[in-house]
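This is what each chain is made of:
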Amino acid sequence: MKKTIGVAAAAAAIALTLSACGGGGASTSTEAKGEINYWLWDANQLPAYKQCADDFTKANPDITVKITQRGWDDYWSTLTNGFVAGTAPDVFTNHLAKYPEYAKKKQLLALNDAVEKDNIDLSQYNEGLADLWVDEDGKRYGLPKDWDTIALFYNKKMAADAGITEEQMKNLTWNPQDGGSYEKAIAHLTVDQNGKRGDEAGFDKNNVAVYGLGLENSGSGQGQTQWSFLSATTGWTHSDKNPWGKKFNYDDPKFQDTIKWWARLAEKGYMPKLETTVGASVADNFAAGKAAINSNGSWMIGQYTGYKGVEVGIAPTPVGPNGKRASMFNGLADSIWAGTKNPAAATKWVEYLGSAACQDVVAGKAVVFPAIKSSAEKATEAFKGKGIDVSPFAQHVKDETTVLVPITDNAAKVEGIMEPAMDAVVSGKQPASSLTQANEQVNGLFK
Amino acid sequence: MTTTTARGAVPARKAPRGAEGTASRGWRRNHGDLKVALFFIAPAMIGFIAFFLVPTLRGIYLSFTEYSILGDPEWIGAKNYEAIAKDPLFWNALAVTCQYVLINIALQTALALGLALLMQRVAKSTLIRGTLLLPYLMANVIAALLWFWLLDYQIGIVNYLIEGLGLPRVAFFGSEQWAIPTQALINTWRHMGYTALLIFAGLQAIPNHVYEVANLDGASPTQTFWKITMPLLRPVLVLVLIVTVIGSFQVFDTVAVTTQGGPVNASRVLQFYIYQRAFTESDFGYGSALAVILFVILALVAFIQMKFLRGNESDLD
């Protein structure tokens, strides 16, 4: 018995030394070669990035890229588990709402040195996109890959039947008191079971056939596609500063008035009640002819224009009290995991993903707007080639009417508080003033 | 349960005595079969230690820490528990879970008992008995999704039928009043066949001569049910109740694939709240503390049921 233990111990010791050598060799490697694991969540973009990977390997024969696509719901939990277990990908698509926590927990590799050494031109990206990925200590954790804004998708036939011209749809105005021509259009596009329109006498708000405006959900604390394009035109901001706000403003009357106006649309019968939105998606209901207008993001262009038998128009978001339009501006980037065995090759791949060479390929597939200005223009052309005018989305960037997605610590906890609070207001269970209390809770997270 | 294990152990202890006769008999009687016993227990034991004991102990430890999975747990004493006592969402989750368990267990047990009686007296074909079990063979998530679509407000067939009857559509998952009852009903539908099968097995264990005697004494069917069937079924019913109540308290998948805690907090059951705190908000210490509380609640519930319903004694002996 003792003898065998001795032999086993010796064998283990040898194995240990061997693996130590191997491990040491791999982790200190500064040579850019080997296999890189890359993750993304959007299946629509997979073909574009496969193309990028092939082109990249052609230019760098020593490096191969293995791409894995996972659905949004699994993506983040698998990634977190990977961080803990040491099996996370070398490079992955990162989201603004997620990266602050990863950066804080030291899971991301800072790219400052690489950007400096390899002379990456940060001005090639659309304004502000590159800076979104710099934390409070000045460390850069990603190179921008694409961006998105908000616009109104509308049913062209319904608008024509209601006598609303394309010109009118493109020049809507809004204010939190009477809703402006935006509410007028929504009311006029609403039709009840008897064929009466929302702004006509005898309209039955309890038996609506077509809602003027679709409802996805309450928008939680961000309201990216639901209400942020309205609240931003009142001069309201989510937090005291962005990125890295420490005090939120959900107690501001400007915000609460916006939400009050929006929630009242459901009361008037112009928008579905919140309780009816659990289930089929807002876009599917739009396609089924249950709503005339949907506010949604540019990543949904493919879905809205893909429905058969529905002619879809795209109009810019309405002009608000400040005389301008507004849209939330969100961007994705590629980040490197701090635990990568191959930082040199990973950096090379990230730089390639952030270069015009790859982003032009993505642009050509007409699925999203790449971060590089010239590539984004190519994407607009590609969309035009498919017969889709996406200028209402691009207009926000051109006119500089974008508002950055709130980037903050405790993002998940803020959502945890704001989601039920907003649900209660939009479903009419609580007045908009109840958001003041939720705001206190949110601000309590930062003390 | 306890009696059967004790009984089962007796022959096992006897066997090696004959085989290895002579020296230090007393010691051998107690320990000679230890190795063999361990060999047979090992597979279950390893599973129990690796998947139950260690995670439970670790969970209890983590409940006294602040831990965000990335990084190390930091000992903070009973702070998580203090925060939970003051957390309105926890108390809400407890109330919502109890509401769910009440509806689910009351309906499920009553229906299962009825089905079991039918299976014993009327539906004797194996095909029909087997059919009752079908919903249980479906994965939880699939059952939830199936009903999620059937009961959809806009495009669900159930609402289409309701409207056809001239009644207003019902937001089964979207309204605060309906969210929990709907999910309790879905799981009742899924589990009642299986529960009925367990009770049916209990019914078959009741000796026929008891019924014959009751019949001779002129007892009515109602009297027979309450005076003979129910008392003799009690141990099985208690076991079924303990298992189903524990299962019911742990409702998670139905909520996760349908309402995700909403509308507002109407369906934020304890298990979903634990998941939300731990995996969505990376607060594993707080989540562990919630899980420990759920563990204590379930232990108490099982204990009370055993104690007051005398589940470990049978009236047959």
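Thresholds applied
Residues numbered from 1 in each chain as written. Chains lettered and ligands numbered in written order. Predicted model: local features only at pLDDT ≥ 70, side-chain atom pairs only at ≥ 80, totals over all residues. Helix = DSSP H or I, 4+ residues; strand = E, 2+ residues; numbered from the N terminus. Buried ≥ 20, exposed ≤ 12 C-beta atoms within 10 Å, placed from the backbone. Contact = placed C-beta atoms within 7 Å. Nonpolar A, V, L, I, M, F, W, Y, C, P; charged D, E, K, R; others polar. pLDDT = per-residue confidence, 0-100. Domains from an automatic or database assignment. Axes fitted to C-alpha atoms, helices over the stretch in contact; angles between N-to-C directions. Parallel < 35°, antiparallel > 145°, perpendicular 65-115°, else oblique. Left-handed = near helix turned anticlockwise from the far one by under 90°. Pairing = 2+ DSSP bridges. Core = buried A, V, L, I, M, F, W, Y, C linked by C-beta atoms within 7 Å. Right-handed = clockwise from strand over helix to strand, strands pointing away.

J.: Before we move on, can you summarise the overall build of chain B with the specific residues and values?
T.: Helix and strand counts for chain B come out as 15 helices and 2 strands. By residue count, 31% of the 317 residues in chain B fall in the buried class. Sequence-distant contacts, at least 24 apart, represent 68% of the contacts inside chain B between residues at least 6 apart.

J.: Tell me about the overall build of chain A, and please be specific about residues and values.
T.: When helices and strands are tallied, chain A shows 18 helices and 12 strands. Principal-axis analysis of the C-alpha atoms places the extent of chain A at approximately 95 × 50 × 40 Å. Across the 447 residues of chain A, 48% fall into the buried class. Partitioning the intrachain contacts of chain A with sequence separation of at least 6 by distance along the chain shows that 72% fall at a separation of at least 24.

J.: Give a description of the interface of chain B and chain A that names residues and reports values.
T.: Each partner contributes residues to the interface: chain B has 23 residues there, and chain A has 24 residues. Here the side of chain B that touches chain A gets 3 residues from one element, more than from any other, and that element is helix H14 (residues 270–280) of chain B. Residues of the side of chain B that touches chain A, tallied by class, amount to 10 nonpolar, 11 polar and 2 charged.

J.: Requested: an account of the confidence of the model for chain B, with residues and values cited.
T.: The share of residues in chain B with pLDDT of 70 or more is 88%, and the mean pLDDT across the chain is 85. The ipTM for the predicted assembly is 0.72, set against a pTM of 0.78.

J.: Tell me what's going on with the domain arrangement of chain A, and back it up with residues and numbers.
T.: Residue and element names in this part refer to chain A. For chain A, the domain assignment lists domain 1 (7–146 + 333–388) and domain 2 (150–328 + 408–444). Contact with domain 1, which involves 10 residues of that partner, is made by 10 residues of domain 2. Grouping the amino acids of the side of domain 1 that touches domain 2 by side-chain chemistry returns 7 nonpolar, 1 polar and 2 charged.

J.: Mind laying out the packing of helix H10 (residues 176–204) of chain B against helix H12 (residues 221–249) of chain B, listing which residues take part and the relevant values?
T.: All names here are of chain B. In the contact formed by H10 and H12, the axes pass within 9 Å of each other and the chain directions differ by 155°. On the basis of the axis angle, H10 is roughly antiparallel to H12. Classified by chirality, the crossing of H12 by H10 is right-handed. Contacts from His191, Thr195, Leu198, Ile199, Gly202 and Leu203 in H10 reach Leu233, Val236, Leu237, Val240 and Thr244 in H12. Across the contact of H10 with H12, the residue classes tally to 7 nonpolar, 4 polar and no charged.

J.: Describe the sheet that holds strand S9 (residues 312–315) of chain A, and please don't skip the residues or the numbers.
T.: Residue and element names in this part refer to chain A. Taken in spatial order, the 5 strands line up as S6-S7-S8-S5-S9 in an open sheet, and their pairing is mixed. Each edge of the open sheet is held by one strand with a lone partner, namely strand S6 (191–192) and S9. Note that strand S5 (residues 150–155) and S9 share 4 bridges and pair antiparallel. Bridge pairing in S9 links Asn155 to Val312. Each of strand S7 (208–213) and strand S8 (291–297) touches helix H8 (residues 180–189); the most contacted strand, S7, lies at about 165° to it.

J.: Let's hear about H14(B): which residues, and what values?
T.: Residues and elements named next belong to chain B. For H14, a buried count of 9 out of 11 residues is recorded, marking the element as mostly surrounded by other parts of the structure. Burial in H14 covers these residues: Leu270, Gln271, Phe272, Tyr273, Ile274, Tyr275, Gln276, Arg277 and Ala278. One or two steps after H14, the chain reaches Ser282, where phi turns positive at roughly 50°.

J.: How would you sum up unusual backbone geometry? Please name residues and give values.
T.: For the bond from A:Asn242 to A:Pro243, the omega torsion is 0°, close enough to zero to count as cis. Looking at where A:Pro243 falls in the secondary structure, it is placed in the loop between helix H9 (228–231) and helix H10 (253–268). Non-glycine residue B:Gln260 carries a positive phi angle of around 50°. Assignment of secondary structure puts B:Gln260 in the loop between helix H13 (253–257) and H14.

J.: Quick one: what's the story with the confidence of the model for chain A, residue by residue and with numbers?
T.: Per-residue pLDDT for chain A averages 89, and the proportion of residues at 70 or more is 93%. Confidence over residues 1–29 of chain A falls short of pLDDT 50; this stretch has 3 contacts with residues more than four positions distant or in other chains.

J.: I'd love a proper account of the nonpolar core, names of residues and values included.
T.: One recurring pattern in soluble globular proteins: nonpolar side chains tend to sit buried together. Counting 166 residues, the largest nonpolar core has A:Ile186, A:Leu213, A:Trp349, A:Val425 and B:Val269 as the members making the most contacts within it. Ranked by residues supplied to this core, first place goes to helix H17 (residues 411–426) of chain A with 9 residues. Both of domain 1 (7–146 + 333–388) and domain 2 (150–328 + 408–444) of chain A provide at least three residues apiece to this core. Setting aside residues no more than four positions away along its own chain, A:Val425 makes contact with A:Ile259, A:Ala263, A:Gln430, A:Ala432, A:Ser434 and A:Leu435.

J.: I'd like a description of the environment of A:Pro420, backed by residues and values.
T.: For A:Pro420, the position within the fold is in helix H17. By the C-beta count within 10 Å, which is 21 here, A:Pro420 ends up buried. Once the C-alpha coordinates of A:Pro420 and A:Ser220 are considered, the two residues, 200 residues apart in sequence, prove to be 7.6 Å apart. Excluding residues that lie within four positions of it along the chain, A:Pro420 makes contacts with B:Val264 and B:Asn265.

J.: For H8(A), give the residues involved together with the corresponding values.
T.: Residue and element names in this part refer to chain A. Of all 10 residues that make up H8, 7 are buried, and the element is covered over most of its length. Those residues of H8 not exposed but buried are Tyr182, Glu183, Ala185, Ile186, Ala187, His188 and Leu189. Among the structural elements, helix H6 (156–161), S7, H10 and S8 are those in contact with the buried residues of H8.

J.: Any details on the environment of B:Phe295? Residues and values, ideally.
T.: Following the sequence through the fold, B:Phe295 ends up in helix H15 (residues 284–309). Remark: the alpha-carbon pair of B:Phe295 and B:Ile246, spanning 49 residues in sequence, is separated by 9.7 Å.

J.: Residue-level account of the pairing of S8(A), with values.
T.: All names here are of chain A. Extensive coverage of S8 is indicated by the burial of 6 of its 7 residues. As paired elements, S5 and S8 share 5 bridges and run antiparallel to each other. Looking at S8, one finds that Ala151 is bridged to Asn296. Where S7 and S8 come together, 2 bridges link them in parallel fashion. Residue pairing across strands places Tyr211 opposite Ala291, the latter belonging to S8.

J.: Explain the packing of helix H3 (residues 34–62) of chain B against H15(B) to me, and be specific about the residues and the numbers.
T.: All names here are of chain B. One way to put it is that H3 packs onto H15 with a least axis distance of 7 Å and a crossing angle of 120°. Classified by the angle their axes make, H3 and H15 are oblique. For the pair H3 and H15, the sense of crossing is left-handed. Contacts from Gly59, Ile60 and Leu62 in H3 reach Phe284, Gly285, Ser288, Ala291 and Val292 in H15.

J.: Please give an account of the pairing of strand S1 (residues 34–40) of chain A that cites residues and values.
T.: Residue and element names in this part refer to chain A. Most of S1 sits inside the fold, with 5 of its 7 residues counted as buried. Across 7 bridges, S1 lies against strand S2 (residues 63–69) in parallel orientation. Bridge assignment links Trp39 to a residue of S2, and that residue is Thr68. With helix H2 (residues 46–59) bridging S1 and its parallel neighbour S2, the resulting β-α-β unit is right-handed. Of the pairings in the sheet, the one linking S1 to strand S3 (residues 91–94) comprises 2 bridges and is parallel in character. When the bridges of S3 are listed, Trp39 appears paired with Phe92.

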